Each structure stands twice: as C-alpha cells, then as structure tokens.
Amino acid sequence: MKIGNGLVFVPLGGAEEIGMNLNLYGLEKKWLMIDLGVAFGEDRLPGIDTIMPDPQFIVDHREDLLGLVLTHGHEDHLGAVKYLWPRLRCPIYATPFTAELLHSKLSETNFRDEVGVTKVSLGERFSIGPFDLEFITTTHSIPEPNAIALRTKLGTVVHTGDFKIDRQPIIGETFDSGALSRIGDEGVLAVVCDSTNVFEEKESGSESLLGDTFDKIIAETEGIVGVTTFASNVARIQTAVEAAIRSDRHAVLIGRSLVRTVQVARAAGYLNELPDFISEKDVGLLPRDKVLLICTGSQGEPRGALSRISYGQNRNIEFKSGDTIIFSSKIIPGNEKAIGRLQNQLSVLGVDVVTERDALVHVSGHPSRVELAEMYALTRPEVAIPVHGERRHIAEHAKLAKKLQIPQAIEVNNGSLVLLAPGKARVIDEVQSGKLALNGSQVVSVDSTLIKERKKLMHEGLISLTLLVDSTGDLKKAPNFITRGVLDDTNMDAIKDLAVIVIDSLEEFPQKIIECDDLLVKEMKRVLRKVMRNKWGSKPEIIVEVMRIEECSKK
Ligand SMILES: [Zn+2]
Ligand SMILES: [Zn+2]
C-alpha cells in the first residue's frame with residue numbers, strides 16, 4: 001500500500017450497509033477515526049443481535065491513531081466503542097450530549113476510567129495532529145448531530161455525518177448552513193455524505209410539523225394514548241410530552257433505555273423545562289383519558305415496553321379498546337414481521353394503531369435528494385463520496401452527485417482505500433475489512449467456527465453418537481445416540497435403525513479401522529452421513545465419540 005504522505009479516506013464499515021459506521025482519514029502516516037458503531041444482527045447469523053466492523057487494519061496502525069471523533073450519539077456511530085476501544089486505546093472527542101451518552105454506555109465496562117473523552121463545544125475548531133477540525137451543527141433525530149470539516153494542507157474534507165435539514169428543530173440549534181457555505185467559499189476537496197434516503201424525493205420534513213397530528217389523534221382518543229419511538233429521539237419525547245400537556249394528560253416513560261435517554265439529555269441541558277414524568281406504578285390511579293405513555297419497542301422487539309404491555313406482561317398497565325398507539329418511527333428493514341405481529345396483537349385487544357402510513361406521525365432524520373442537493377450547493381466539493389448506505393444507495397447517490405454537477409463521485413465499499421490528494425482522487429487499494437459479531441459478551445469473527453457450527457445446527461440439526469468398545473471393536477454397550485433438531489416425535493424409531501447400521505458397520509470395518517479411534521470416528525461419520533442423506537435427505541452435524549474400556553492397541 002503506497003499512501004506516502006497523501007490524504008486518504010478508508011471506510012471500514014457503513015459503506016455496504018446502513019449501520020456499523022467506521023471511517024478513517026490518514027495523512028502523513030497519522031490516522032483519525034470518525035465514528036465506531038454497531039449494526040443489528042442478520043438473519044444469516046443465528047443468535048447474534050449485534051455486529052460491528054472488523055477494525056484490524058487500524059489496530060495494526062494503533063500507535064499512529066490520534067483519536068476517535070464521534071459525530072453523534074446513535075448506536076450505529078458509537079455503539080462499538082464499548083467493545084472495540086480496548087483494541088484501539090485512543091482519545092475520544094464528542095459534543096456534551098454524545099459524551100454523556102458514551103459515559104453512560106461505558107459505565108457497564110471495566111475500562112471506563114481509562115477512556116479519555118474530550119468534550120467539544122458545538123461549532124468548536126481545534127487540531128488533532130495534522131488535522132484541523134471544525135464541528136458544524138446540523139439537524140438529525142438525536143441532539144447535537146455534527147458534520148465535521150477536516151482542513152488539511154492537502155485540502156478540506158466535509159464529513160457530513162447523519163443529517164437532515166430542519167429549520168425548526170424542536171430541540172437544539174438549527175442546521176448551520178452559514179458554516180457550510182463559509183467552508184464552501186474556502187474550497188472543499190471532498191464531501192463524504194449520508195446516503196440513507198437517497199431514493200426519497202420529498203424533503204424529510206421538520207420535527208415541528210408533528211405536534212398538530214399528535215393533538216388531533218389525542219383529541220379523538222377516549223382511552224390511553226401510547227407513543228412509541230426510538231429511545232434516543234429526544235426531540236420526539238419532547239413533542240409527545242408537549243402534546244400531553246396541551247391535552248391535560250400526564251406523560252409516563254416506559255422502558256429502561258428511554259429513562260436513560262432522559263437522564264442523559266437532562267445532564268446535557270435538554271428537556272429540563274418539562275414537568276416530571278408520572279411513575280409507571282401510578283398509571284392505574286389516573287383516568288385512562290389522562291394518560292400518555294411514551295414506550296420503547298417501536299420495532300416490535302419482544303422485550304420492548306410496548307410488546308410487554310400488549311401481551312399482558314406489565315403489572316401496572318394494560319391496553320383496551322378505546323386506546324390508541326402511535327408508531328412514531330420508521331420500520332427498519334428486516335423488522336417488518338416483528339412489527340406486524342405486535343400490531344396484530346394490538347388489533348386483537350381492540351386498540352387503534354396509527355403509523356406513518358396513516359398520518360404525519362414521523363419525520364425522517366436523513367436527507368432526501370432535495371436536502372442532498374442543498375448540502376452540495378453549500379459545500380461545492382470537487383469530489384462526492386457517498387457512505388452510510390448499502391451498495392444500491394451508494395450507486396444512486398453517486399449518480400445524483402454527477403447530476404448535480406459535482407465533478408467527480410467515487411463509489412466506495414468497506415475497505416476501499418481512497419487517495420484524495422495529491423492528484424486526481426481515486427481508489428488505490430483495498431485494505432482488510434469485515435464484520436465481527438457479539439456473541440454473549442464475546443466478540444468473534446462472523447466467519448468463526450462458532451458461527452459456522454451454529455448455522456449448521458440451526459439449519460440441519462445434530463446427531464451425536466457415543467460408542468463404548470473394547471480394543472477388538474466389540475461393543476460393550478448399545479450405541480448411544482443424542483439428536484437435536486433432526487428427528488420428529490413420529491420417527492424416533494429411526495434411532496433403532498441407525499443403531500443396527502452402526503452395529504453392522506463395526507462388524508464390517510477392517511481391523512485397522514477398528515483399532516484406531518481416529519479412523520473409527522472418521523468412518524462411522526461417513527456411514528451416518530450417507531444414511532442420513534439417502535434415507536432422510538438431511539445433512540446434520542454429526543459427532544462421533546469412541547470410548548475404549550481397554551487401551552487402544554498401537555500399530
Ligand atoms: Zn444517526
Ligand atoms: Zn447513522
């Protein structure tokens with residue numbers, strides 16, 4: 001890899017998926033990381049809820065990693081700090097709300113006191129090694145989102161982070177077009193930009209538009225109104241509470257992550273004007289038309305507050321006919337079935353369900369094509385590099401950038417090494433990239449034996465055979481089978497058939513095989529594999545264990 005003293009950009013995550021963002025900028029052999037996030041597990045990874053980028057490339061350059069800068073507090077941007085920081089051990093920079101959120105997450109780790117987090121003020125400019133950084137306030141679906149201008153001697157990069165253009169956000173500062181256009185006037189080499197909503201034509205819409213719809217729905221509801229949204233969406237919490245106040249209802253927070261968000265937000269100076277929330281236990285003391293619940297579980301998560309109440313697992317609250325639940329969130333692709341199940345259950349209870357298909361109860365936090373065009377008009381870069389998207393988002397975004405007369409658009413994938421300057425910007429190499437999975441508290445490669453075995457067990461099941469034999473191969477006990485996920489209750493007799501095959505095979509195997517455990521295991525597996533394939537059409541994981549009651553005779 002020949003990067004010399006050039007300015008380079010490397011995405012290690014987030015350039016093939018919406019999630020697990022990890023971006024690197026390199027100059028004079030020094031590196032700066034922007035964001036270190038997680039993604040949801042995938043169907044093809046059984047038992048895995050969280051995945052994250054493989055950071056090995058930068059771990060190998062750890063002494064030259066100057067810092068990790070966080071654009072904002074969403075899990076797909078900071079969720080992996082908790083798992084990967086011990087491999088990196090670099091200082092972290094974040095604005096106050098993001099820093100508070102990070103502290104609250106790191107409090108669960110045993111290295112919390114070792115992480116140095118520097119709080120950056122909104123709009124602050126400071127240097128890290130050869131990088132001169134300026135935080136630019138944008139708008140999104142969490143407080144304090146930032147674009148970051150990286151000025152270097154080889155040119156300026158604007159890393160947009162996740163953004164939308166909201167001129168009337170409910171919380172925090174408005175989108176700082178002035179700063180972006182000022183930097184545009186100075187000259188921008190590249191914009192590395194959010195692609196999430198590149199297929200959307202219409203503007204994302206301001207958070208301030210939602211209050212009226214909430215008021216209307218609340219006015220039409222005789223019973224409890226529930227609003228479910230992402231726990232980190234502080235502005236949406238405020239929108240819901242303000243609607244509750246206007247309709248003389250008391251707001252109740254249900255779900256641990258929501259309670260934590262409110263604590264973090266208040267510590268960072270948000271939501272402090274709102275009245276205190278009513279305790280969950282007191283809901284029963286109030287008439288139903290005086291209650292507004294704000295709940296976790298908008299994605300149909302079985303352990304989310306909304307699911308638990310809907311399935312009668314909450315001691316203090318139950319839903320009835322006359323109640324309304326507002327799904328004030330988007331459907332994350334992959335969660336359609338879980339959300340559908342939950343909405344069916346609410347219908348069974350006679351509860352009205354309102355989603356963004358029915359009314360304006362959610363606005364996206366990401367830029368549509370109109371907002372992307374505005375970002376490019378403000379910054380006027382030489383090069384557009386779309387990130388924060390799947391391949392199709394990135395390809396479409398590159399096309400859009402060209403349509404908007406940006407001289408060059410570069411399509412990247414995880415591991416692309418882009419030389420931004422000197423010379424024409426281009427991909428010059430691919431570096432190691434990949435995914436890691438969180439298995440319990442252990443971080444493993446998605447290609448590890450553990451995951452491979454689990455996939456096989458999930459899809460094909462398991463047969464385990466234990467043979468107790470003496471040195472001549474005579475069985476000292478009937479073959480012992482354990483099966484998991486292979487046979488149905490109605491065909492358990494198959495075990496007897498398998499036992500007969502095992503006994504016959506032991507008689508037929510040559511002495512050389514009988515006498516050696518390894519050969520015996522290998523041959524017996526081959527026989528069982530063949531029987532299972534021919535007779536049952538299945539390919540289960542097969543484990544054979546040989547136990548000798550006398551020592552194996554050596555050849
Ligand atoms: Zn975000
Ligand atoms: Zn994001």
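Scroll up to find the structure.
Only a predicted model underlies this, so the values are computations on that prediction, with no experimental measurement involved. (Residues numbered from 1 in each chain as written. Chains lettered and ligands numbered in written order. Predicted model: local features only at pLDDT ≥ 70, side-chain atom pairs only at ≥ 80, totals over all residues. Heavy atoms only, no water.)

Turning to the coordination of the zinc ion (ligand 2), a few remarks are in order. Around the zinc ion (ligand 2), the protein contributes the donor atoms Asp76 (OD), His77 (NE2), Asp162 (OD) and His388 (NE2), which lie 2.0 to 2.2 Å from the metal centre. Of note is the zinc ion (ligand 2), whose four donor atoms meet at the metal with angles of 88 to 162° in an arrangement that counts as irregular. Every donor residue of the zinc ion (ligand 2) comes from the same chain, spaced as D-H-x84-D-x225-H. Taken as a pair, the zinc ion (ligand 2) and the zinc ion (ligand 1) show a spacing of 3.4 Å, with Asp162 coordinating each metal. Of the two residues, Asp76 sits in helix H2 (residues 75–78) while His388 sits in the loop between strand E19 (381–387) and helix H12 (391–403), which places them 312 residues apart along the sequence. No difference in accessibility class separates Asp76 from His388, as the two residues are buried. (Donors = N, O, S within 2.8 Å, 3.2 Å for Na, K, Ca; no water. Tetrahedral: all angles 85-135°; square planar, octahedral: opposite > 155°, others 65-115°. Helix = DSSP H or I, 4+ residues; strand = E, 2+ residues; numbered from the N terminus. Buried < 20%, exposed > 50% of the residue type's maximum accessible area, 1.4 Å probe, protein only.)

All right, on to the packing of helix H14 (residues 494–508) against helix H16 (residues 517–536) then. Their axes nearest at 11 Å, the elements H14 and H16 cross at an angle of 140°. Judged on the interaxial angle alone, H16 and H14 are oblique. Two packed elements cross with a definite hand, and for H14 against H16 that hand is right-handed. Within the contact between the two elements, H14 uses Ala494, Asp497, Leu498, Ile501, Val502, Ser505 and Leu506 and H16 uses Leu520, Met524, Val527, Leu528, Val531, Met532, Lys535 and Trp536. Residue composition of the contact of H14 with H16, by class: 12 nonpolar, one polar and two charged. (Axes fitted to C-alpha atoms, helices over the stretch in contact; angles between N-to-C directions. Parallel < 35°, antiparallel > 145°, perpendicular 65-115°, else oblique. Left-handed = near helix turned anticlockwise from the far one by under 90°. Contact = heavy atoms within 4.5 Å. Nonpolar A, V, L, I, M, F, W, Y, C, P; charged D, E, K, R; others polar.)

Before going further, it helps to examine the sheet that holds strand E27 (residues 541–548). Spatial ordering of the open sheet is given by E26-E25-E27, a layout of three strands whose pairing is mixed. Pairing within the sheet leaves two strands with one partner each, and these edge strands are strand E26 (480–484) and E27. Going across the sheet, the axis of each strand differs from the next one's by a mean of 10°, ignoring polarity. Alignment of strand E25 (residues 462–469) against E26, held across five bridges, turns out to be antiparallel. Bridge pairing in E26 links Leu462 to Arg484. Across the face of the sheet, H14 comes into contact with E25 and E26 while running at roughly 135° to E26. Relative to E27, H16 is tilted by about 145°, and along the sheet it contacts E25, E26 and E27. (Pairing = 2+ DSSP bridges.)

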